[in-house]
Amino acid sequence: MFGFNNKSTNSSTTTNKRPVKCAVNGFGRIGRLVFRYAWEDADLEIVHVNDLCSCESAAYLVQYDSVHGTWHRKVEAADDGHSFTVDGDKTVTFSQESDLTKVDWAGMGVELVMECTGKFITVAQLQPYFDVCGVKQVVVSAPVKEDGALNVVLGCNHDRLSNDTTLVTNASCTTNCLAPIVKVIQENFGIVHGCITTVHDVTGTQTLVDMPNTKKSDLRRARSGMVNLCPTSTGSATAIVEIYPELKGKLNGLAVRVPLLNASLTDCVFEVKRPVTREEVNAALEKASREGPLSGGILGFETKPLVSTDYTNDTRSAIVDALSTQVIDGTMVKIYAWYDNEAGYSKRMAELCNIVAAMNITETEPAFQYK
């Protein structure tokens with residue numbers, strides 16, 4: 001079993017360690033934030049970005065962000081539109097290909113691709129990275145629910161990573177929020193069944209004003225995301241079985257998209273196997289936030305009466321709203337968990353890239369470990 005210590009050093013402890021050359025495919029909300037976090041990692045060297053937007057737009061949007069603020073690094077697009085610089089001295093090349101096999105990943109020495117397009121979510125669609133492009137490792141910013149890919153939630157099932165897991169995903173943002181809560185409740189009290197509702201901010205799969213939506217078949221997402229509460233689907237609860245197979249068929253849920261730009265909330269309701277109290281539930285969650293694999297950046301525990309804007313740029317996967325925990329009739333447990341659905345998820349993805357790069361490419365100790 002591959003173990004992780006949750007102390008992040010972000011520096012090499014092995015003398016022969018070298019930066020792994022990486023590329024980002026898909027420079028949307030997640031791709032740009034992953035770029036920011038990974039850029040600060042000395043073990044990862046981002047050399048290329050591929051997206052359908054212009055290089056000028058890519059450089060502008062990775063530096064300036066309406067939600068997460070201006071990046072402290074200076075990004076400038078080259079006049080030829082084929083690269084941009086970071087802080088004036090590091091060049092990142094840029095391409096605009098919809099077909100991933102048309103990007104010369106091998107020619108640029110790319111070993112790891114951060115796949116953030118949201119378009120390639122089957123093993124068959126992703127396999128050309130290995131068979132045609134010569135990439136050694138792919139990390140996907142969406143779940144791939146097939147054999148041949150491992151969906152990872154750090155702090156929960158990272159022990160399944162091995163030298164054979166060259167195609168991994170960072171699951172989904174809501175799964176990253178939900179899984180730590182499920183882990184604590186399942187291990188301490190046992191889950192009979194449960195249902196979740198994620199109160200989720202708008203995303204690019206919704207429209208700004210009412211108009212046909214070409215990204216999703218859900219008609220509700222064709223209505224303005226700025227003025228509506230929009231009930232829609234979430235795969236986070238059913239995806240938990242990828243992390244905890246014993247809960248197959250026992251969890252489900254829905255989402256409500258709300259007209260906010262950041263910081264979401266997952267409402268978790270579980271029927272547990274034995275009578276518990278609110279104090280017991282909160283004690284178990286608080287303990288898990290302070291010791292063990294969920295401590296040090298995965299699970300938070302908050303006793304102050306905070307609201308959504310207080311969690312912008314919070315990189316923890318889930319933060320328990322302790323004041324809202326309830327127990328009804330002894331065995332029904334209700335928990336609120338906050339999460340910055342962009343920053344927290346992107347930070348975990350950058351950490352996952354560090355881990356698999358160390359494990360499968362440089363064969364050294366990763367900087368991010370969870371035990």
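Structure first, text after, so check above.
For the structure given in this document, a descriptive report is provided here. In this numbering scheme, every chain counts its residues from 1 along its sequence in written order. Local features in this predicted model are restricted to residues of pLDDT 70 or higher, and side-chain atom pairs are both shown and tallied only at a pLDDT of 80 or more, whereas totals for entire chains, interfaces and linings draw on every residue. Calculation of side-chain values draws on the structure's entire complement of heavy atoms; hydrogens and water are dropped beforehand.

Right, let's get into the sheet that holds strand β8 (residues 150-151). Pairing between strands is defined by DSSP: at least two bridges between the two strands are required. In this description a helix means any DSSP run of H or I spanning at least four residues, a strand means any run of E spanning at least two, and both kinds are numbered starting from the N terminus. As summarised here, the arrangement of the nine strands in space is β3-β4-β5-β2-β1-β6-β7-β9-β8, forming an open sheet in which the pairing is mixed. At either end of the open sheet lies a strand with only one pairing partner, and these are β3 (75-77) and β8. Alignment of β3 against strand β4 (residues 83-86), held across three bridges, turns out to be antiparallel. If you follow A77 over to β4, its bridge partner there is F84. Any pair of residues with heavy atoms lying within 4.5 Å of one another is described as a contacting pair. Fitted lines through C-alpha atoms give the axes, limited to the stretch in contact for helices. The angle between two N-to-C directions lies from 0 to 180 degrees. Packing of helix α2 (residues 55-63) onto the sheet brings it into contact with β3, β4 and β5 (90-95), and relative to β3 it is tilted by some 170°.

The next thing to look at is the pairing of strand β10 (residues 191-201). Sheet analysis places β10 next to strand β13 (residues 264-272), joined by eight bridges and oriented antiparallel. Among the inter-strand pairings, V199 is bridged to a residue of β13, identified as L265. By the bridge criterion, eight bridges tie β10 to strand β12 (residues 251-258) in an arrangement that is parallel. Across the sheet, residue C195 finds its bridge partner in β12, namely N252.

Here the aromatic set is Phe, Tyr and Trp, taking the six-membered ring for Trp, and pairing holds for ring centres within 6.5 Å; pairs whose planes are under 30 degrees apart are stacked, those over 60 apart are edge-to-face, and all others are tilted. What the rule picks out here adds up to eight aromatic pairs. Between F35 and F84, the ring centres sit 5.9 Å apart and the planes meet at 55°, which makes this aromatic pair tilted. Residue F35 is located in helix α1 (residues 29-39), and its partner F84 is located in strand β4; the two are separated by 49 residues in the primary sequence. Plain terms: the ring middles of Y60 and Y64 are 5.4 Å apart, the flat faces sit at 45° to each other, and that makes the pair tilted. Three or more aromatic residues joined by ring pairs form one cluster here, namely F27, F35, W39, W71 and F84.

Remark: nonpolar core denotes a set of buried residues (Ala, Val, Leu, Ile, Met, Phe, Trp, Tyr, Cys) joined through side-chain atoms within 4.5 Å. Only protein chains enter the accessibility calculation, which uses a 1.4 Å probe; a residue whose area is less than 20% of its type maximum is buried, one above 50% is exposed, and one in between is partly exposed. Counting residues in each nonpolar core, the largest one holds 83 residues, and the members touching the most others are F35, F84, M114, I181, F270 and I335. Top element by residues in this core is helix α8 (residues 343-362). It accounts for ten residues. Excluding its chain neighbours within four sequence positions, the residues that come into contact with F84 are F35, V49, C55, A59, V75, E76, A77, A78, K90, T91, V92 and F94.

As far as function goes, none of this settles anything; it's purely spatial.
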